[in-house]
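# Tertiary structure, described
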Amino acid sequence: MGLELKARRCPVCNAPVEVEPGATSVTCRYCEHTLDVRPVEPRAGATPGGQRSRGPRSTADASGASSSPAGASVAPPSRVSRRLGLSVALGVFLPLVSGVAALRSFTAGQLASQSVPAVCRPNGTVRLVNVEHTGAGTLVEASLNCKVFIEKSKLVGDVIVKGAANVEVTIDDSVVEGKLAVIDASHNTRIKVRKGSRLLGSGVLIHGEANPVVQVEDAYLEGRELVRLGSNGELTALRSTLVAQHRVVAAGPVARVTFVESDARSEDIALEAGANLTLTLDHAALRGVGGGVESGPNARLRLSREAELSSDHGAFRTDSNLEALVEESRIVGKEEGLHAEANARITLRPGGTIEGETAVLLGVNAVVESTGGALVGGRTALRAGINAEVDLRRAD
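Predicted model only: the values in this text are computed from it and were never measured.

In terms of helices and strands, the protein chain carries 1 helix and 39 strands. Each of the 396 residues in the protein chain was classed as buried or not, and the buried ones make up 39%. Here the contacts in the protein chain between residues at least 6 apart in sequence split such that 14% fall between residues at least 24 apart. Counting only carbon and sulfur atoms, one obtains 50% of the accessible surface of the protein chain, whose full area is about 20,600 Å².

This part covers the packing of aromatic side chains. Inspection of the entire model under this criterion finds 0 aromatic pairs. One residue, Arg-127, lies across the ring of Phe-149, its end atom 4.5 Å from the ring centre.

Moving on, we come to the pairing of strand β13 (residues 147–151). Alternating positions in β13 separate cleanly, Val-148 and Ile-150 being buried on one face and Lys-147, Phe-149 and Glu-151 remaining unburied on the opposite face. Sheet topology note: the strand β10 (residues 125–129)/β13 ladder contains 5 bridges and is parallel. From the neighbouring strand, Leu-128 faces β13, where its bridge partner is Ile-150. Relative to strand β15 (residues 168–172), β13 runs parallel, the two sharing 5 bridges. Bridge pairing in β15 places Ile-150 opposite Ile-171.

Turning next to the pattern of salt bridges. For the structure on display, the rule yields 23 salt bridges. As a salt-bridge pair, Arg-239 and Asp-218 come within 2.8 Å of each other at their nearest N and O atoms. Note that Arg-239 is positioned in the loop between β21 (234–238) and β22 (241–251) and Asp-218 in the loop between β19 (213–217) and β20 (220–229), a separation of 21 residues in sequence. Its relative accessible area of 37% is what places Arg-239 among the partly exposed residues. Arg-228 is paired through a salt bridge with Glu-225; the nearest N and O atoms lie 2.7 Å apart.

This part covers the pairing of strand β27 (residues 285–288). A one-sided burial pattern is seen for β27, the buried positions being Leu-286 and Gly-288 and the unburied ones Ala-285 and Arg-287. In this structure, strand β24 (residues 263–266) lies alongside β27, joined through 4 bridges in parallel fashion. In the strand pairing of β27, Ser-266 is matched with Gly-288. Bridge count for β27 against strand β30 (residues 308–311) is 4 bridges, and the pairing is parallel.

About the criteria used
Residues numbered from 1 in each chain as written. Predicted model: local features only at pLDDT ≥ 70, side-chain atom pairs only at ≥ 80, totals over all residues. Heavy atoms only, no water. Helix = DSSP H or I, 4+ residues; strand = E, 2+ residues; numbered from the N terminus. Buried < 20%, exposed > 50% of the residue type's maximum accessible area, 1.4 Å probe, protein only. Contact = heavy atoms within 4.5 Å. Areas by Shrake-Rupley, 256 points an atom, 1.4 Å probe, with all protein chains shown as cover. Phe/Tyr/Trp six-rings, centres within 6.5 Å; stacked < 30°, edge-to-face > 60°. Lys NZ or Arg CZ within 6 Å of the ring centre and 35° of its normal. Pairing = 2+ DSSP bridges. Salt bridge = Lys/Arg side-chain N within 4 Å of Asp/Glu carboxyl O.

Function cannot be inferred from these measures alone, as they are strictly geometric.
Below you can see the structure in the form of structure tokens.
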């Protein structure tokens, strides 16, 4: 018996796999799937050296008559033998075609539904489709560079996906409840929650360490803390509702947070961030009962298309170097609408309004420019420190 030595493809990730001579098994270096190398019988008529033995051959003389070795006769193949040969050929060819089709089908369906708990190996993929599961512990352990797809499923666990670096998680049309976390991942995580999905939990729903990118589209999130971003994090919410008991977003430095046609609210502070926050509200509402936004220095704030940032206390509070643009939108705080320390620059465009008991409270070196906007204070419209520049104009 011998081994069939040739390049194969892994049935799990479709990567090429080389079979070494004499090997009985081989492990895919991409997804670590182990394949068995099955021994095959030598083909009929093959010699030990691998050459097929040849029978006597007939020759033809100059007259065109055929001759053959003594004792050997050559006859033309009969119709029966030709039909038999065709049948044998079809019998071999059709299963081969079916096998290839089955292999292609398996390769295309390699992301088919799997049960949980599941382990996604490095560079691998896990797809959960129409899976219903309630249990404890972590449902999916995702290794380096793993991709996890959850579709049309109902999952309840302590942690739904625990991910290493470079993990991608997509949740579509599913209801997912993580008692501790829905997604708890390391660096460079890419997360998409879409198509009517609902994420629920009593801990942190989504947590990504450095460089996470989170996209929430046509979805509903509810929990104690919804999104926690490490440094250089990004969150985009489109046509979604986010309801938090503690924080809608807690972010480290250099965060980019965008709400478009969405409603986000918290019983506490809605958004808390470190330095270099960029916050955009576009036809969206962000409300925190205990406070709207609290940010470190160098914040960038933009409201447009009837957006609203509001709180029962201060709507927006930050340190130095704030740049804010409000157009056709409102910032409303029962205590303060906007409070910034040194070097703030506030621009109001037509329809832009800042309201509060003290509408705007600024430190030194502030610049306030308004064209068609309004500052509405229950007691004080604007209070600023030294070197303030204020330019209030009507819209043309």
